[in-house]
Amino acid sequence: MPDALVCGAGGFIGSHLVRRLKREGFWVRGVDLKFPEFAPTEADDFVQGDLRDQDFCRLVVDRGFDEVYQLAADMGGAGFVFTGENDADILHNSATINLNMLDACRRRRIKRIFYSSSACMYPAYNQENPENPLCSEESAYPAAPDSEYGWEKLFSEHLYLAFARNYGMEVRVARYHNIFGPEGTWRGGREKAPAALCRKIAQTPEDGEIEVWGDGQQTRSFLYIDECLEATCRLMRSDFPGPVNVGSEEMIRINDLAQMIAQVAGKKISIRHIPGPLGVRGRNSDNRLIREKLGWAPSQPLEKGVALTYAWISEQVARDRGGKPPIA
Ligand code: NAD
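Here the structure is a predicted model, which is why all the values come from computation and not from measurement. (Residues numbered from 1 in each chain as written. Predicted model: local features only at pLDDT ≥ 70, side-chain atom pairs only at ≥ 80, totals over all residues. Heavy atoms only, no water.)

Draft legend 1. Representation of the domain arrangement of the protein within the structure. Here the protein is partitioned into domain 1 (3-179 + 223-246) and domain 2 (182-221 + 250-283 + 301-321). Just the C-alpha atoms count here: the centres of domain 1 and domain 2 sit 25 Å apart. With 30 residues of domain 1 in contact, the opposing surface of domain 2 contributes 28 residues. A buried area of about 2,400 Å², summed over both sides, lies between domain 1 and domain 2, and 55% of it is on carbon and sulfur atoms. Three residues, Phe-38, Pro-130 and Tyr-224, lead the burial of domain 1 against domain 2; their summed loss comes to 26% of the area buried on that side. For the pair domain 1 and domain 2, the number of links is three salt bridges. (Domains from an automatic or database assignment. Contact = heavy atoms within 4.5 Å. Buried area = accessible area lost by both parts, 1.4 Å probe. Salt bridge = Lys/Arg side-chain N within 4 Å of Asp/Glu carboxyl O.)

Next up, the structure:
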């Protein structure tokens, strides 16, 4: 039976990945500071602990796993990443995790390790035009990410590629673009735009008003979790190391995303724009490289994932109102 180690298995993407690997027949060890919030983990073995601790990393990498996925990071949406208040933690915590995990994997002669980088590493100067942002893989340099989160991702990309070069490790690096879906953070300050908008719309009356940060004209693309996992597993098992974009090319203004969610909810909402942390003006995935190397592209429109996500978040909101604990 093949075995896999998933770091960050208590988080959004990690907990879904564990489920997928189990379905594929893997024995899976999950590692995280916390258990998944919304459903019991499906990992065969779940080790709770801190990957900033080098000894702990050596302990969990106790065999030559067939696949190691490093998804653990100190991260969140714009409200966490762009305020500046968490910069030191973001840089220190995530870089330490990556330094420790690579060292532990090298000692165990782990052959293949996946790293989840982010579209936030792309230069801000290419993302000022909301109609025409540039995020092709080779446009990464000269580097100028607009957040410390992006700088850490860029540093860690280099770290993984250097371990591949110097120690013969096989690394796979994906640059995720806004992954969303059920069982993701939907409140508390670390949630991202789709979850925050779903929550606000679920909490508002039929003809209510919601608040959106900025003028809502900023553009983004969003990739549904199942599509992300398909691309992740294909990349992991391919001969292509990356870095490569894993995202959707269906770019949408934040105002239009809010209206799409309202339509799914069957509500007529109005939007009040308020000041808030924003990030770049425009961002879209460029999927030419992943199409060429892996023959992969998202298979469903944004609206389908939005409907599934809204259904889950509105259920959480309803349970919360009724004083019931959240469920998957
Ligand atoms: P998440 O916050 O839900 O999951 C990350 C997990 O890492 C959390 O469960 C957290 O507890 C864990 N973690 C943090 N510090 C740890 C530590 N010191 N020791 C052990 N565990 C620790 O985030 P996610 O959305 O699942 O993202 C997974 C990865 O993908 C992250 O590296 C993230 O930067 C990257 N990414 C995500 C997106 C997205 O849209 N979700 C976009 C780009 C990149």
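Draft legend 2. Summary view of the packing of helix α6 (residues 193-203) against helix α8 (residues 254-265). Between α6 and α8, the shortest axis-to-axis distance is 10 Å and the interhelical angle comes to 45°. Of the possible angle classes, the one that applies to α6 and α8 is oblique. The handedness of the crossing between α6 and α8 comes out as right-handed. Along its contact with α6, which presents Ala-193, Pro-194, Leu-197, Cys-198 and Ile-201, the element α8 presents Ile-254, Leu-257, Ala-258, Ile-261, Ala-262 and Ala-265. Residue composition of the contact of α6 with α8, by class: 11 nonpolar, no polar and no charged. (Axes fitted to C-alpha atoms, helices over the stretch in contact; angles between N-to-C directions. Helix = DSSP H or I, 4+ residues; strand = E, 2+ residues; numbered from the N terminus. Parallel < 35°, antiparallel > 145°, perpendicular 65-115°, else oblique. Left-handed = near helix turned anticlockwise from the far one by under 90°. Nonpolar A, V, L, I, M, F, W, Y, C, P; charged D, E, K, R; others polar.)

Draft legend 3. Quick peek at the site of the ligand. Inspection of the region around the ligand gives 26 residues, with Ile-13, Asp-32, Asp-50, Tyr-149 and Ile-179 positioned closest. Within the backbone of Ile-13, a nitrogen or oxygen atom sits 2.8 Å from an oxygen atom of the ligand. Between the ligand and Lys-153 there is a distance of 2.9 Å, counted from an oxygen atom to a side-chain nitrogen or oxygen. Those elements that provide at least two residues to the shell around the ligand are α1 (12-23), β5 (112-118) and α5 (148-167). At three residues, the largest contribution of residues to the shell around the ligand is made by β5. (Near = heavy atom within 4 Å. Polar contact = N/O pair within 3.5 Å; in protein donor to acceptor, adjacent residues only side chain to side chain.)

Draft legend 4. The pattern of salt bridges, seen in detail. Overall, the coordinates contain 28 salt bridges when judged by the stated rule. Of the charged contacts in the structure, one is a salt bridge between Glu-24 and Arg-20, with a shortest N-O distance of 2.9 Å. Judged by its relative accessible area of 33%, Glu-24 falls in the partly exposed class. As a salt-bridge pair, Glu-211 and Arg-272 come within 2.8 Å of each other at their nearest N and O atoms. With a gap of 61 residues between them, Glu-211 in strand β8 (residues 209-213) and Arg-272 in strand β13 (residues 270-274) connect regions that are remote in the sequence. What makes Arg-272 partly exposed here is its relative accessible area of 39%. One network of salt bridges, with partners in common, ties together Arg-20, Glu-24, Glu-67, Glu-230, Arg-234 and Arg-237. (Buried < 20%, exposed > 50% of the residue type's maximum accessible area, 1.4 Å probe, protein only.)

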